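# Secondary and tertiary structure notes
Letter by letter, the chains look like this.
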Amino acid sequence: MRHEIRNKVLLSLRPEAQIFLQERLVTRPISVGDVIFEHGEPVTHAVFPNEGVISFMAEMEDGRSVEKTSIGLEGFVGFTLVMGGGNAVGRSLVQVAGSASWLSIDDLNAAHERFICVREAMLRYSKSLIVQLMESVACNSLHTAEQRVTRWLLQTLDRVPGDTFILTQEALSEVLGLRRATVSGICSEMQDAGIITYHRGSITIRDRAALEERTCECYWRVLDASLLGDQGGDGLTPARSRIAERRSRGTVRRRGY
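Anyway, here's the lowdown on the structure attached to this text. (Residues numbered from 1 in each chain as written. Predicted model: local features only at pLDDT ≥ 70, side-chain atom pairs only at ≥ 80, totals over all residues. Heavy atoms only, no water.)

So, about the overall build of the protein chain. Within the protein chain, the regular secondary structure consists of ten helices and eight strands. Looking at the protein chain as a whole, 49% of its 257 residues are labelled buried. Surface exposure of the protein chain reaches about 12,600 Å², of which carbon and sulfur atoms provide 50%. (Helix = DSSP H or I, 4+ residues; strand = E, 2+ residues; numbered from the N terminus. Buried < 20%, exposed > 50% of the residue type's maximum accessible area, 1.4 Å probe, protein only. Areas by Shrake-Rupley, 256 points an atom, 1.4 Å probe, with all protein chains shown as cover.)

Below, the structure written as structure tokens:
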């Protein structure tokens, strides 16, 4: 089965660089629970998701775990490869199934030597990942459980084709560090409001606009960082325009988040 290359980092490259990499990429499905790299393990490949979600998990000595950040088709796993190399930072675990493309270190190094656009694209994504990490710190400290749940659902919706994906409430509670009862209550309320439907781990987003109204500006800030150069006639990215609109309506507080 042939999987389509949908990764934005790869598709942002010059045509000749895309051809060079496509001849060397190995693309295959990724399933829920697959471990891409264990914490501290040598990073042997850059892994470019085409759909689905990969979480970087922090695991505590008492057995608890929480997501540090997540990656979809907008980025790649193995950002240490463009920052001097090294081992994996955290356990990278597939949360939402899809597909991804593997590129070996040797092939990546060859691409860096031949095409400056490859390193530039990977560094640009690494910068946006840092923004996501910083926004996550603020979001986890200052925003409500509902805002955090809706942010994660919206980010997942951006990373999969269609409006439906498989995600258990248990997995969602783990990545966000919330009690399962809290996540269940939020999902039930949104289902009653007609925003989502949830059945046997399958979530369908019925009303994206309503979901966007319930999320925090962290979602838009992260989206803005991942859409560099995507500007309208007013010089604003769609995400920045959305933040400005929400601020003008008083949806976003002017102090803090």
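Moving on from the coordinates now.
Let us now look at the packing of helix α5 (residues 145-159) against helix α9 (residues 217-225). A pair of packed helices is characterised by two quantities: the angle between their axes and the separation of those axes. Packing of α5 against α9 leaves a shortest axis separation of 9 Å and a crossing angle of 30°. Comparing the axis directions of α5 and α9 gives the class roughly parallel. Every pair of crossing elements has a handedness; the one defined by α5 and α9 is right-handed. Residues R151, L154, Q155 and D158 of α5 form the contact with α9, whose own contacting residues are C218, Y219, V222 and L223. Partitioning the contact of α5 with α9 into residue classes produces five nonpolar, one polar and two charged. (Axes fitted to C-alpha atoms, helices over the stretch in contact; angles between N-to-C directions. Parallel < 35°, antiparallel > 145°, perpendicular 65-115°, else oblique. Left-handed = near helix turned anticlockwise from the far one by under 90°. Contact = heavy atoms within 4.5 Å. Nonpolar A, V, L, I, M, F, W, Y, C, P; charged D, E, K, R; others polar.)

This part covers the environment of A17. Mapped onto the secondary structure, A17 falls in helix α2 (residues 15-22). Given the relative accessible area of 0%, A17 is considered buried. Placed 97 residues apart in sequence, A17 and R114 show a C-alpha to C-alpha distance of 8.3 Å. Those residues in contact with A17, other than ones at most four positions away along the chain, are F115, C117 and V118.

The next subject is the sheet that holds strand β6 (residues 164-166). The strand order across the open sheet built from three strands is β6-β8-β7, with neighbouring strands paired in antiparallel fashion. Of all strands in the sheet, those with a lone pairing partner are β6 and β7 (196-199), marking the two edges. This sheet shows a mean twist of 15° between the axes of neighbouring strands, independent of strand direction. Here β7 pairs with strand β8 (residues 202-205) via four bridges, running antiparallel. Each residue of the ladder has a partner; that of H199, found in β8, is S202. (Pairing = 2+ DSSP bridges.)

This brings us to the pairing of β8. For β6 and β8, the ladder comprises three bridges, and the chain directions are antiparallel. Bridging across to β8, T164 finds its partner in T204. Once β7 ends, the chain turns through two residues before running back antiparallel as β8, passing R200 with a positive phi of about 50°.

What follows covers the nonpolar core. Among the nonpolar cores identified, the biggest contains 37 residues, and F48, V118 and M122 are the most heavily contacted of them. Among the elements of the structure, α1 (8-11), α2, β2 (35-37), β3 (45-59), β5 (91-104), α3 (105-114) and α4 (116-142) are those that each provide at least two residues to this core. Per element, the largest residue contribution to this core is six residues, and it comes from α4. If sequence neighbours within four positions are ignored, V118 has contacts with L13, A17, L21, L108, A111 and H112. (Core = buried A, V, L, I, M, F, W, Y, C linked by side-chain atoms within 4.5 Å.)

Counting across every chain of the model gives four cavities of 30 Å³ or more. Here the largest cavity is characterised by a volume of approximately 90 Å³. Looking at the largest cavity, it is lined by 13 residues, and the ones nearest its centre are E67, K68, S136, N140 and R151. Of all the elements in the fold, those that place two or more residues in the lining of the largest cavity are β4 (65-71), α4, α5 and α6 (169-176). Looking at the second largest cavity, its volume works out to about 60 Å³. What lines the second largest cavity is simply F37, V43, F56, V77, G78, F79, T80, A88 and V89. Residues that form the lining of the second largest cavity fall into these classes: seven nonpolar, two polar and no charged. (1 Å grid on protein atoms, 1.4 Å probe; cavity = no way out; pocket = protein on both sides within 12 Å on 5 of 7 lines; lining within 4 Å. Points joined across faces, edges and corners; volume = space filled by probe spheres on them.)

Structurally, the position occupied by S126 is in helix α4. Residue classification places S126 among the buried residues on the basis of a relative accessible area of 2%. A polar contact of 2.9 Å, which involves the side chain of S126, links it to the backbone oxygen of M122. Residues within four places of S126 in sequence aside, it is in contact with F76, F79, V82 and M83. (Polar contact = N/O pair within 3.5 Å; in protein donor to acceptor, adjacent residues only side chain to side chain.)

What follows deals with the pattern of salt bridges. Note on pairing: side chains with opposite charge can pair once their charged atoms come close. For the coordinates displayed, the defined rule picks out eleven salt bridges. Across the pair R208 and D158 runs a salt bridge, and its minimum N-O distance is 2.9 Å. Taken together, the residues R208 in helix α8 (residues 208-214) and D158 in helix α5 connect sequence positions 50 residues apart. Owing to a relative accessible area of 30%, R208 belongs among the partly exposed residues under this scheme. (Salt bridge = Lys/Arg side-chain N within 4 Å of Asp/Glu carboxyl O.)

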